[in-house]
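# Survey of secondary and tertiary structure
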Amino acid sequence: MKGTHLGEFEEILLLAVAALQEEAYGLAIMKEITEQAGRKVTLSAVHAAANRLEEKGFLKAEFGEKSARRGGKRKKIYRVSLEGQYALRAAFELRQRMWQRISPSSFQIDLSW
Amino acid sequence: MVEDPKYYEPPRRLLRLLRWFCAEHFLDEVEGDLWELFQEEVERYGEARARRRFYGLTVRYFRPYFFDRNHLSFQTIITPDMIRHFFKLAFRQLRRQRLYALINISGFALGLAACILIGLFLNHELSYDNFFEGEKNLYRVTISFDVEGRNGHSAVMSTPVARRMQEDIPEVLHAARLAPGMYDAGTNQVRRPNELENRYEDGFTYADSAFLTMFDFPLIEGNRAHQLRDPYTMLLTERKAKALFGSENPVGQQLVLNNSEDNAYTITGVLADLPSNTHFQFDYVLAMSSNEASKQDNWGYNNFLTYAELAPGTDPEVVEGKIKDMFMANHDNFRSMMEAGNRIEPVLQPIRDVHLHSSDIGGYWQHGNFQYIYLFGGVALFILLLAGINFVNLSTARSSLRALETGMRRVLGSMWRQLMAQFLVESVLLSFLALMLAVLLATAVLPFFNELIGRDLQLPWTDPRWYLLIFGSALGLGLLVGAYPAVFLSGYEPLKVLKGYLRSGRSASRFRSQLVVFQFTVAVALVAGSLVVREQLNYLQHQNLGFDKEQLLIVEGTYILDQPEVFREQLQQVPAVRSVSMSGYVPVEGYFRNGVSTWRTGSTDESEHVPLEKWYIDQEYLSTLGMEFVAGRDFSREFLTDSAAIILNEQAVKELGLKEPVGTRISSYTYMDPQTGEIYHEDYTVIGVVKDFHFESLRSDIQGLSLALGGGAINTLVRLSTEEVERGIEAVEAVWSDLAPGQPFRYQFLDEQYQRMYAFEQKAGSVMSVLTGLAIFVACLGLFALATFIAQQRQHEVGIRKVLGASTSEIVILLTKHFVLLVLIAILLATPLAWWLSNNWLADFAYRIDVQWWVFVVAGGLALLLAVFTMSYQAVRSAWMNPVDTIRLGE
């Protein structure tokens, strides 16, 4: 179980990487999450989580070009690995199963979409 | 070519910090993203704000996940086991090197104990008046002046200043006057209306009702809003309430002051006892409205300490300017003095500065002096520094003994950092042991210290900051003194050490010598300084004052007698009494003083009017005090015309510019009619000139003085014959209790009162002497240990020299001459330093000694003697050792 379990923030981060495609590096991921989730995320949190996900094998990374705007440093561009995709899928399915078990009558908001 | 767009560089120091703690494999990504983010933030917020934000961004990386484990992580390199191991080693070192441990610990302990006690004292001194609500807006109004070559600073204001400030200056929220020492607020006979026996009490002051609004002294009984409004109401402190009323509630009760039953004061409230850290000193507060003189708008009647509360955020300088305008508009004398080109400035003194920054302001209450704050604090730190130097010197000197250990450890894989940690643990352990000793020492010595400085200080055991402070300083001390030896010891090249190439480096030994020179420079300068202080105090006590202060009894408060003349006559019958005089003016601080404008009769030129002290005395005053005449004669009961006669001192003659003083007519101001503004004065004929005598502390010059008949029997001065002082006092008291039954007999000796003027310097002098003793002791401790070590190291050499025929004295010289040279250099350096410092201190005194050369000879000689004595013990011991033992030991 432990191997595939994703934390909420990890899940969002993986989704952001997937959405950004070729442009998924630290700063861009931070901005994507800030925009979509509307919450403040620090750069260090993104870096720590991304690197941990890389260690777990959910992300793969390669270095891009050096640029002066980055003080001569390379971009580390992430991509969701196959394990990552499985984990996302598993998380999504888990949610779907749980949602389906909710009877519409017990809910105030409209569940039909 | 496309020109490179300009990029903003993030704060370089933060990047360097990041590179230091952050692991290599994160750096490209983290640093790059941070750069990029910084560019965007500069564009969005501007560079300054972006730089501030960058700090927060970077610091967030300071968490274990990003750390460079090879280089930072203590968990893996320094394990708890290892720390336990370090402690074990440190204790072993202490046990094995008992002498050195003892010297280091006792040096540190003495230094720390001195710092704790002095720190306690300084903390108390600096905390004066910091507890009032809104103390930042509270000020005392003072005047700094420079008038006709006389400059000074005064805290007494005239009657209307407080009221006008409050009415005319919008920034002044409240202003209140305090008047200790006048009318009913002098020293008093106190009793309850139904009692007969009086008690003698002091600590009275008048106060305006706004005083308690401004200064939130806690009120134990009574309603704050209604205090001090009605005439003849008063407050007193809790301890006085207990003493006078026991367990009764004093509110509503009355007190009779000086037997005037018609004007008994009704108590309306009880104040908590004043804390020790306030410059206010009173036990009884009387409503200002009971004092008629306080109600008249007399701009020349300077008797009121005046305090002001400004609106929050007001610049005091603005208010100072407005006070000046107020003086210009209302105070004629002020205006004419300003127009004559004199400088007079109102100064608002923050309430917290009153205690330490009033040494130039005369006043009713004794204050501290900030110079001594620096002096004591500095000296205490120096003692600690000297102890620290001992540690550094001993550790580096003995490093060769541990070099082998260090080399071995390195070969076995110990890292530089671990070695550093090991040595630092040793020094920190040492400083903590010293701390414990120091706290014990400070606790034991505190009562004596309190007595010495006249305070009642306690170690703040209940204050968490105190623990933080002492543990923090012990840790800091340990790390600080341990740093150099640790670097030094752990820096040995392991291979060289193990191969035996060790030379205890030339540069290290030179550094050691420099430190010894520094220690002795400090010690010699302190000794010389203390000697100068002692000499000056001695000089003050034996200075010819112009009168005879010995065996002169001052019976205070004789104005309560119905017939003072009977008292005088009866005293003159007492065989032990040589002569008797009655006057409120005594030539020592703490008695009546005034300043009365005086001029040659007929002179209308305002600039020829000079302020003179005007004392009212009787015909026996000058002969009783033993003052000398330069010209003319004393007052005499045979001349009835003497009621219009006046005697001047030499300074007054000079200030008035009189050529032939005797026979000249002079006038002196008496009072101004508040309605008409007319100035009344009295005319006198000068009948004599008395030689200048000192009637104030020798810190100030002798001022112009005029003496006239009158004034009544405020105090009675009794000259006793030398042989019968004890019996004389008894006889005088017997006469007193006969004439004034039920009244306490209060007396002072003039010479004791005189000593009291220098009480503060006396205390400071004693504290300095003790600190000096400690400093020189610590310096000698270090020298002793160094000498011991050197003697041990060279015992082989000494043995061989002895075999070859060297005498004991030659060997002693051999072992001590280097250090003697160092001490001589120190004396050379200390002499100009101490000379400069002493002259700075002496500059405060108008009457002072010149710094004598012998002071430096004595200080230097003492240091040299102590140094030689300290070293000789070891030197002689090794010179007397049997060479067979020492040489064989060396094999």
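Reading the values: the criteria
- Residues numbered from 1 in each chain as written.
- Chains lettered and ligands numbered in written order.
- Predicted model: local features only at pLDDT ≥ 70, side-chain atom pairs only at ≥ 80, totals over all residues.
- Heavy atoms only, no water.
- Axes fitted to C-alpha atoms, helices over the stretch in contact; angles between N-to-C directions.
- Helix = DSSP H or I, 4+ residues; strand = E, 2+ residues; numbered from the N terminus.
- Parallel < 35°, antiparallel > 145°, perpendicular 65-115°, else oblique.
- Left-handed = near helix turned anticlockwise from the far one by under 90°.
- Contact = heavy atoms within 4.5 Å.
- Core = buried A, V, L, I, M, F, W, Y, C linked by side-chain atoms within 4.5 Å.
- Buried < 20%, exposed > 50% of the residue type's maximum accessible area, 1.4 Å probe, protein only.
- Patch = residues over 30% accessible without salt bridge, like charges linked within 9 Å, V, L, I, M, F, W, Y side chains within 5 Å.
- Areas by Shrake-Rupley, 256 points an atom, 1.4 Å probe, with all protein chains shown as cover.
- Salt bridge = Lys/Arg side-chain N within 4 Å of Asp/Glu carboxyl O.
- Lys, Arg positive; Asp, Glu negative; His and termini not counted.
- Charge placed at Lys NZ, Arg CZ, Asp CG, Glu CD.
- Expected span 1.5 Å × (residues − 1).
- pLDDT = per-residue confidence, 0-100.
- Pairing = 2+ DSSP bridges.
- 1 Å grid on protein atoms, 1.4 Å probe; cavity = no way out; pocket = protein on both sides within 12 Å on 5 of 7 lines; lining within 4 Å.
- Points joined across faces, edges and corners; volume = space filled by probe spheres on them.
- Nonpolar A, V, L, I, M, F, W, Y, C, P; charged D, E, K, R; others polar.
- Buried area = accessible area lost by both parts, 1.4 Å probe.
- Polar contact = N/O pair within 3.5 Å; in protein donor to acceptor, adjacent residues only side chain to side chain.

Our next topic: the packing of helix 2 (residues 26-37) of chain A against helix 3 (residues 43-56) of chain A. All names here are of chain A. Where helix 2 meets helix 3, the axes come as close as 9 Å, and the angle between the chain directions of the two elements is 110°. On the basis of the axis angle, helix 2 is roughly perpendicular to helix 3. Pair helix 2 / helix 3 crosses with right-handed handedness. Side by side, helix 2 and helix 3 meet where G26, L27, I29 and M30 of the first sit next to L43, V46 and H47 of the second.

A separate point is the nonpolar core. Counting residues in each nonpolar core, the largest one holds 130 residues, and the members touching the most others are F520(B) and W615(B). Apart from residues lying up to four places away in sequence, W615(B) is in contact with Y585(B), V586(B), P587(B), R593(B), Y621(B), F693(B), F695(B), L705(B), S706(B), L707(B) and A708(B). In this structure, I33(A), A48(A), A50(A) and L53(A) belong to the second largest nonpolar core, which totals 46 residues.

Another aspect to go through is a positive patch on the surface. A contiguous patch of positive charge on the surface is contributed by K88(B), R92(B), R95(B), R96(B) and R98(B). Its location among the elements puts R95(B) in helix 5 (residues 80-96).

When the terminal C-alpha atoms of helix 3 (residues 47-59) of chain B are compared, their 19 Å separation across 13 residues agrees well with the 18 Å that a helix rising 1.5 Å per residue should span. Where the residues of helix 3 of chain B are buried, they touch helix 1 (12-21) and helix 2 (24-45) of chain B.

Turning our eyes to something else, we now look at the confidence of the model for chain A. The pLDDT averaged across chain A works out to 86; a share of 92% of its residues lies at or above 70. The secondary-structure element of chain A with the lowest mean pLDDT is strand 1 (residues 59-67) of chain A, recorded at 88, while helix 1 (residues 8-20) of chain A shows the highest, at 92.

Now for the sheet that holds strand 24 (residues 715-720) of chain B. Residues and elements named next belong to chain B. The antiparallel open sheet is built from four strands, whose spatial order is 16-24-15-25. Only two strands of the sheet have a single partner each, and these edge strands are strand 16 (577-583) and strand 25 (747-749). Neighbour-to-neighbour, the strand axes of the sheet open up by a mean angle of 25°, direction not taken into account.

All names here are of chain A. Along the chain, the position of R79 falls in strand 2 (residues 73-80). Measuring from C-alpha to C-alpha, the distance between R79 and R39 comes to 23 Å, with 40 residues separating the pair along the chain. Once you skip the residues sitting within four places of it in the chain, R79 turns out to touch V17, F58, L59 and K60.

With that settled, consider empty space enclosed by the protein. Empty space among the atoms becomes apparent when a probe as large as a water molecule is rolled across them. All names here are of chain B. Within this structure, the stated rule accounts for four cavities of 30 Å³ or more. There is about 290 Å³ of room inside the largest cavity. Looking at the largest cavity, it is lined by 21 residues, and the ones nearest its centre are F391, S395, R398, R402 and E426. Of the residues assigned to the lining of the largest cavity, the class counts are eleven nonpolar, seven polar and three charged. Size it by volume and the second largest cavity reaches roughly 60 Å³. Around the second largest cavity, the lining residues are F121, F376, I453, R455, F760, K763, A764 and V767. When residues in the lining of the second largest cavity are grouped by element, the largest group, four residues, is from helix 23 (residues 759-793). A class-by-class count of the residues in the lining of the second largest cavity yields six nonpolar, no polar and two charged.

All names here are of chain B. Side-chain alternation along strand 5 (residues 188-191) places N188 and V190 on one buried face and Q189 and R191 on a second face that is also buried. Note: strand 5 against strand 6 (residues 199-201), three bridges, orientation antiparallel. Considered in strand 6, the bridge of V190 is made with R199. As judged from the two bridges shared by strand 5 and strand 10 (residues 254-257), these two strands associate in the antiparallel manner.

Contact residues are listed per partner, giving 24 residues for chain A and 20 residues for chain B. When chain A packs against chain B, the two sides together hide about 2200 Å² of surface, and 53% of this comes from carbon and sulfur. Linking R69(A) and E43(B) is a salt bridge whose minimum nitrogen-to-oxygen distance equals 3.9 Å. Across the contact surface, chain A and chain B share 14 residue pairs in polar contact (both at pLDDT 80 or more). Residue assignment for the side of chain A that touches chain B shows that the elements contributing at least two residues are helix 2, helix 3 and strand 2 of chain A.

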